[in-house]
Amino acid sequence: MNELRVVDQKEFAQRRKQLMRMMGKGALAILPAAPIKFRNRDAEYPYRQDSDFYYLTGFAEAEAVAVLAPGREHGEYILFSQERDQTIEVWTGRRAGQDGAIEHFGADDAFPIGDIDDVLPGLLEHSDRVFYTMGCDPDFDGRVLGWLNHIRQHARGGARTPGEFIALEHHLHDMRLYKSREEIKRMQRAAEVSVAAHKRAMQACRSGMHEYELEAEYLHEFRRNEMQPAYTTIVGAGKNACVLHYTANSAQMADGELVLIDAGGEYDHYAADITRTFPVNGRFSPAQKEVYEVVLAAQAAAIEQVRPGNDWNAPHAAAVRVLTAGMIELGILKGDLDELIEAQTYRRFYMHRTGHWLGMDVHDVGDYKVGEQWRQLEPGMVLTVEPGLYIPARSKGVRKRYWNIGIRIEDDVLVTKTGHTVLTEGAPKSVADIEAWMAAGKAA
Ligand code: GLY
Ligand code: MN
Ligand code: MN
């Protein structure tokens, strides 16, 4: 096992402590593990732990609930989880059980998940504020309401329901926005393997192949490195590159087309998110190169804006300016640069924003605004920078040579004390580097 996979319990304990400090005595936080989801009949989707739950526990098993009760005499961190069961474990693998929850996962107190209906109402009754994320798991919401009603039924015996329900996500997601060294190590690993996958796909690509064959190159690289896709891989060649969330990946790729691939792997619950666009035959046509250089310059200008003190919107504003100027230069848009930006005319060909937070979730948690103001970038935040241009066939007023060109270039950028580090730097990106790398693949 890779050494990064050895769970560092100290860090999970620190996170719980930090959250409990903020909650204060008399409060209770309830975090359910991700529910098991069925694909069809009794076949399950691969299980992926809930990010908030994992962030605080490091516990990857299903059928578990973590409870934090700052100041509780019999232990502040209570973990409900599946009981050990030799017969079932033959089928589903080893469980930590209650002893394991205490010994290996730092729980102060541990109960079988089957006991939760007996134990949780008692914990709720002794708390005046409950931190809980409502609306993510309707079944679990129903159980929380059930426990509350159970207490109400005993009101005449002196039982009291908590006075306040507070959204847990505000504090927790703000913590998750600032990545620790351990988290950055995991993101770096996810980035490295995802870079290797893009390099592999570039060299494997041949005219006449299908999009799904390139998708397979990513899966190969992820799985051999103990990873899986962090989101559904997009492989869109030719006109499919202009469909933003194209995931069919079923078309044959023709000589002369560009292929856009948005693919990133997840390592130990941390995601990478990379897009590269390259020519199926290994050589950019003049028209493809013209548009590509505009997107590349926009990305460079946006990345340049990633530094502490700049606000969240600075990279987007920089990308929009370069993309719009480039489109004027190529005759794709006509008019005055500032007026076109003001009127958002660029949105005809650039209809998404330039990035998002990245972390345990590909579109990670964390607020983008504080009040009405864009948030300031600070060290430890990680964001994507992903400008693009998408010019479908028959775009009015656009020369035919640019039709069916869809280009996005996406990297993962860590804000540092002095500026930024691009975590995904290694994936070829300039026209010259892509062509040289693809040519080397053909020669091999
Ligand atoms: N892969 C999803 C995104 O780029 O936002
Ligand atoms: Mn992205
Ligand atoms: Mn992406």
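Residues numbered from 1 in each chain as written. Chains lettered and ligands numbered in written order. Predicted model: local features only at pLDDT ≥ 70, side-chain atom pairs only at ≥ 80, totals over all residues. Heavy atoms only, no water.

Brief notes about the overall build of the protein
In step 1: Of regular secondary structure, the protein possesses 13 helices and 21 strands.
In step 2: Counting only C-alpha atoms and orienting by the principal axes, one finds that the protein spans roughly 80 × 50 × 40 Å.
In step 3: Buried residues in the protein amount to 53% of all 444 residues.
In step 4: Sequence-distant contacts in the protein: of pairs separated by 6 or more residues, those separated by 24 or more amount to 70%.
In step 5: Accessible surface, the protein as shown: approximately 20900 Å² in total, 50% of it carbon and sulfur.
In step 6: For the protein, the distance from the average position of its 52 positive side-chain charges to the average position of its 65 negative side-chain charges is 4 Å. (Helix = DSSP H or I, 4+ residues; strand = E, 2+ residues; numbered from the N terminus. Buried < 20%, exposed > 50% of the residue type's maximum accessible area, 1.4 Å probe, protein only. Contact = heavy atoms within 4.5 Å. Areas by Shrake-Rupley, 256 points an atom, 1.4 Å probe, with all protein chains shown as cover. Lys, Arg positive; Asp, Glu negative; His and termini not counted. Charge placed at Lys NZ, Arg CZ, Asp CG, Glu CD.)

Looking at the environment of Tyr-390
In step 1: Mapped onto the elements of the fold, Tyr-390 is located in strand β18 (residues 388-391).
In step 2: Here the alpha-carbon distance between Tyr-390 and Leu-244, two residues 146 residues apart in the chain, equals 8.6 Å.
In step 3: Sequence-distant contacts of Tyr-390, defined by excluding residues within four places in its chain, comprise Ala-241, Cys-242, Leu-244, Leu-260, Arg-348, Phe-349, Met-351, His-352, Ile-405, Gly-406, Ile-407 and Arg-408.
In step 4: In terms of polar contacts, Tyr-390 uses its side chain to reach the side chain of Arg-408, at 2.8 Å. (Polar contact = N/O pair within 3.5 Å; in protein donor to acceptor, adjacent residues only side chain to side chain.)

A look at the packing of helix α5 (residues 116-125) against helix α6 (residues 138-153)
In step 1: The geometry of α5 relative to α6 is characterised by a closest axis approach of 9 Å and an angle of 65 degrees between their N-to-C directions. Accordingly, the angle class assigned to the pair α5 and α6 is roughly perpendicular. Of the two elements, α5 crosses α6, and the hand of that crossing is right-handed. Contacts between α5 and α6 involve Ile-116, Asp-117, Leu-120, Pro-121, Leu-124 and Glu-125 from the former and Arg-143, Trp-147, Leu-148, His-150 and Ile-151 from the latter. (Axes fitted to C-alpha atoms, helices over the stretch in contact; angles between N-to-C directions. Parallel < 35°, antiparallel > 145°, perpendicular 65-115°, else oblique. Left-handed = near helix turned anticlockwise from the far one by under 90°.)

Quick word on the coordination of the manganese ion (ligand 3)
In step 1: With distances of 2.0 to 2.3 Å, the protein atoms coordinating the manganese ion (ligand 3) are Asp-262 (OD), Asp-262 (OD), Asp-273 (OD) and Glu-410 (OE).
In step 2: In this structure, the manganese ion (ligand 3) is surrounded by six donor atoms whose angles at the metal cover 58 to 170 degrees, and the resulting shape is irregular.
In step 3: Donor residues for the manganese ion (ligand 3), ordered by position in the chain, follow D-x10-D-x136-E.
In step 4: The distance between the manganese ion (ligand 3) and the manganese ion (ligand 2) comes to 3.3 Å, with Asp-273 serving as a donor to both metals. (Donors = N, O, S within 2.8 Å, 3.2 Å for Na, K, Ca; no water. Tetrahedral: all angles 85-135°; square planar, octahedral: opposite > 155°, others 65-115°.)

Regarding unusual backbone geometry
Most peptide bonds take the trans configuration, and most residues that are not glycine carry a negative phi.
In step 1: Non-glycine residue Arg-41 carries a positive phi angle of around 45 degrees.
In step 2: Looking at the element boundaries, Arg-41 is found in the loop between β2 (38-40) and β3 (43-44).
In step 3: Phi at His-269 is positive, roughly 75 degrees, even though this residue is not glycine.
In step 4: Along the polypeptide, His-269 turns up in the loop between β12 (265-267) and β13 (270-271).
In step 5: Looking at His-269, the relative accessible area reads 10%, which means it is buried.

Concerning the coordination of the manganese ion (ligand 2)
In step 1: The protein atoms donating to the manganese ion (ligand 2) are Asp-273 (OD), His-356 (NE2), Glu-386 (OE) and Glu-410 (OE), with metal-donor distances spanning 2.0 to 2.2 Å.
In step 2: Residue Asp-273 is classed as buried on the basis of its relative accessible area of 4%.

A closer look at the site of ligand 1
In step 1: Neighbouring ligand 1 are Tyr-231, Asp-262, Asp-273, His-356, His-363, Glu-386 and Glu-410.
In step 2: Side-chain polar atom of Asp-273 to a nitrogen atom of ligand 1: 3.1 Å apart, as the coordinates give it.
In step 3: Note that an oxygen atom of ligand 1 is positioned 3.0 Å from one of the side-chain N or O atoms of His-356.
In step 4: A total of 200 Å² of accessible area belongs to ligand 1 in isolation, and the protein chains cover 83% of it.
In step 5: Among the residues making up the shell around ligand 1, the classes are represented as one nonpolar, two polar and four charged. (Near = heavy atom within 4 Å. Nonpolar A, V, L, I, M, F, W, Y, C, P; charged D, E, K, R; others polar.)

Quick word on the packing of aromatic side chains
In step 1: This structure, assessed with the given rule, holds 10 aromatic pairs.
In step 2: Look at Phe-80 and Phe-111: their rings are 5.4 Å apart centre to centre, the planes differ by 25 degrees, and that puts the pair in the stacked class. Here Phe-80 is found in strand β5 (residues 77-81), whereas its partner Phe-111 is found in strand β6 (residues 109-112), with 31 residues between them in sequence. Across the pair, exposure class does not vary: Phe-80 and Phe-111 are buried alike.
In step 3: One aromatic cluster in this structure is built from Tyr-132, Phe-140 and Trp-147.
In step 4: The positively charged end of Arg-189 is found above the aromatic ring belonging to Tyr-267, 5.6 Å away from the centroid.
In step 5: The cationic tip of Lys-369 hangs over the ring face of Trp-374; the distance from NZ or CZ to the ring centre is 4.7 Å. (Phe/Tyr/Trp six-rings, centres within 6.5 Å; stacked < 30°, edge-to-face > 60°. Lys NZ or Arg CZ within 6 Å of the ring centre and 35° of its normal.)

Details of the sheet that holds strand β20 (residues 411-415)
In step 1: Here we have three strands laid out as an open sheet, ordered β17-β20-β21, and antiparallel in their pairing. Only two strands of the sheet have a single partner each, and these edge strands are β17 (382-385) and β21 (420-422). Averaged over all pairs of adjacent strands, the angle between their axes in this sheet comes to 30 degrees, without regard to strand direction.
In step 2: Where β17 lies against β20, four bridges are found, and the strand directions are antiparallel. (Pairing = 2+ DSSP bridges.)

Let's talk about helix α9 (residues 211-223)
In step 1: Along its 13 residues, α9 runs 19 Å from first to last C-alpha, staying within 8% of the 18 Å computed at 1.5 Å per residue.
In step 2: Within α9 the residues assigned to the buried category are Glu-211, Leu-214, Glu-217, Tyr-218, Glu-221 and Phe-222. An end-on view of α9 places all buried positions within 130 degrees of arc, on one side of the element.
In step 3: Contacts made by the buried residues of α9 are with α8 (181-204), β9 (228-229), β10 (234-237), β11 (258-263), β12 and β14 (274-279). (Expected span 1.5 Å × (residues − 1). Arc of directions from axis to C-beta.)

Describing a positive patch on the surface
In step 1: Taken together, the side chains of Lys-334, Arg-348, Lys-396 and Arg-399 make up a positively charged region of the molecular surface.
In step 2: Note on placement: Arg-348 falls in the loop between α12 (337-342) and β15 (369-370).
In step 3: A relative accessible area of 41% means that Arg-348 is categorised as partly exposed. (Patch = residues over 30% accessible without salt bridge, like charges linked within 9 Å, V, L, I, M, F, W, Y side chains within 5 Å. Salt bridge = Lys/Arg side-chain N within 4 Å of Asp/Glu carboxyl O.)

Read these as geometric descriptors, not functional statements.
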